[in-house]
Amino acid sequence: MKLVKTQDAVGQVLCHDITQIIKGVTKDARFRKGHIITDEDIPVLLSIGKDHIYIWENDESMMHENEAAEVLCAICKGDHISRGGVKEGKIELTAECDGVFRIDREKLRAVNSFGQMMIASRHGDFQVKAGDKLAGTRIIPLVIEKEKMEAVKEIAGEEPIMKVEPFRHFKAGIVTTGNEVFYGRIEDTFTPVVQSKIEYFGSEVIAHRTTDDNNRNIEKCIRELLDEGCDLILCTGGMSVDPDDKTPLAIRNVTGGVVTYGAPVLPGAMFLLAYYGERKIPVMGLPGCVMYAKRTIFDIVLPRILTGEILDKNDLDILGEGGLCLGCDICTFPECGFGKGK
């Protein structure tokens, strides 16, 4: 820092906030640290009693907080993300479209471990809407070593730490299983729930089959939906371990194997995920809780599937911490902790 006469400070950068107090009107920072002083600012500074002020001395080895903030923003900002203006070394990032927020967690931890800088974000792998705030980046001191910012850029590499993956348009098919529904003994209340969740994200249900609990009939329905061009298959019911629940067997027979049958999430422990063929068409077995519970594993997995992400078993195994829905009277999902077990 360097102390200079206020009249000689035009074009210089303030090192600290300067507060203005007007009785009954205001008591707040009139000028923020990092502000570049203009001719118009001089009378105001003098009226506040600042005949001399501290400014930042230019040093080729150092970067001002706002300049360094631009570096931090650049390594964070990926596809479909907008940025705000820079203020006091801080820049905010927002979503440009509806989709799923992605974070490179290893890079995020590495940058935050450097010290003198920070990136705070919402949880990754969850749905966001256009305009949602995603992250804030900030340089802590007024100035920071250029060498440190160069090292951060090297760690981040060419791929940004964050991006938003837009939802794709899927053509879904639903197979409703169960003797009780197939023979008209009860109304099918499962299919409308699943359809509404699919349509919420901009995809559509183009075909529907209802069948009994015979696994060969379930297999036949799944294959028919695949032949009709469905690129997402959802099977409802028959997902428990009871001997007469044949949906998991049918899915396994059609796909040749499953990613997982069972997940550490409640509600949703009996969830099944598989993929069919070279195109990796998702085939899911949905337990009964999807029909009656506000939020289940289906709400965690579906948005990610609808971006085209191919999930593996580890993606589901890590959901255990945070995988317990508390069943709050007022549901705030996805703004709660459900499914955020990273």
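Residues numbered from 1 in each chain as written. Predicted model: local features only at pLDDT ≥ 70, side-chain atom pairs only at ≥ 80, totals over all residues. Heavy atoms only, no water.

**Q** Got a minute to help me understand helix α8 (residues 247-255) in this structure?
**A** Quick reminder: α-helices carry 3.6 residues per turn. Residues three or four places apart thus point the same way. If you check which residues of α8 are buried, you get Thr 247, Pro 248, Ala 250, Ile 251, Val 254 and Thr 255. Down the axis of α8, the buried set is contained in an arc of 160°. They therefore lie on one face. As for α8, its buried residues are in contact with β14 (171-177), α7 (215-227), β16 (232-236), β17 (260-261), β18 (272-276) and β19 (281-286). Backbone geometry just after α8 places Gly 256 at a positive phi near 85°. (Buried < 20%, exposed > 50% of the residue type's maximum accessible area, 1.4 Å probe, protein only. Helix = DSSP H or I, 4+ residues; strand = E, 2+ residues; numbered from the N terminus. Arc of directions from axis to C-beta. Contact = heavy atoms within 4.5 Å.)

**Q** What is the right way to look at α7 in this model?
**A** In this model α7 runs 18 Å from its N-terminal to its C-terminal C-alpha over 13 residues, within 8% of the 18 Å that 1.5 Å per residue would give. Among the residues of α7, Asn 215, Ile 218, Glu 219, Cys 221, Ile 222, Leu 225 and Leu 226 are the ones counted as buried. Buried residues of α7, viewed axially, fall in a sector of 160°; they line one side. Away from its buried face by more than 90 degrees, α7 exposes Arg 216 and Asp 227. Packed against the buried residues of α7 are β14, β15 (204-211), β16, α8, β18 and β19. Between a side-chain oxygen at the N-terminus of α7 and the backbone nitrogen of Arg 216 the separation is 2.8 Å; the capping residue is Asn 214. Of the residues flanking the end of α7, it is Gly 229, one or two places downstream, whose phi is positive at about 95°. (Expected span 1.5 Å × (residues − 1). Polar contact = N/O pair within 3.5 Å; in protein donor to acceptor, adjacent residues only side chain to side chain.)

**Q** What's the story with the sheet that holds strand β7 (residues 90-95) in this structure? I'm lost.
**A** Strand pairing in a sheet is mediated by backbone hydrogen bonds. Such pairs are either parallel or antiparallel. Spatial strand order, β6-β7-β11-β9: four strands in an open sheet with antiparallel pairing. Edge positions in the sheet fall to β6 (81-83) and β9 (117-121), since each of these pairs with one other strand and no more. The mean inter-strand angle of the sheet, taken between neighbouring strand axes irrespective of direction, is 20°. Inspection of the sheet shows β7 paired to strand β11 (residues 133-139) by five bridges, in the antiparallel sense. Bridge pairing in β11 links Glu 92 to Gly 136. Its contacts with the sheet put helix α2 (residues 65-76) on β6, β7, β9 and β11, and the angle it makes with β11 is roughly 140°. (Pairing = 2+ DSSP bridges. Axes fitted to C-alpha atoms, helices over the stretch in contact; angles between N-to-C directions.)

**Q** Even after reading the chapter, I still don't get unusual backbone geometry, so can you show me in this structure?
**A** Among all residues except glycine, the phi angle is most often negative; among peptide bonds, the trans geometry is most common. Of note, the amide linkage connecting Leu 266 to Pro 267 takes the cis form, showing an omega dihedral of 0°. Along the chain, Pro 267 turns up in the loop between β17 and β18.

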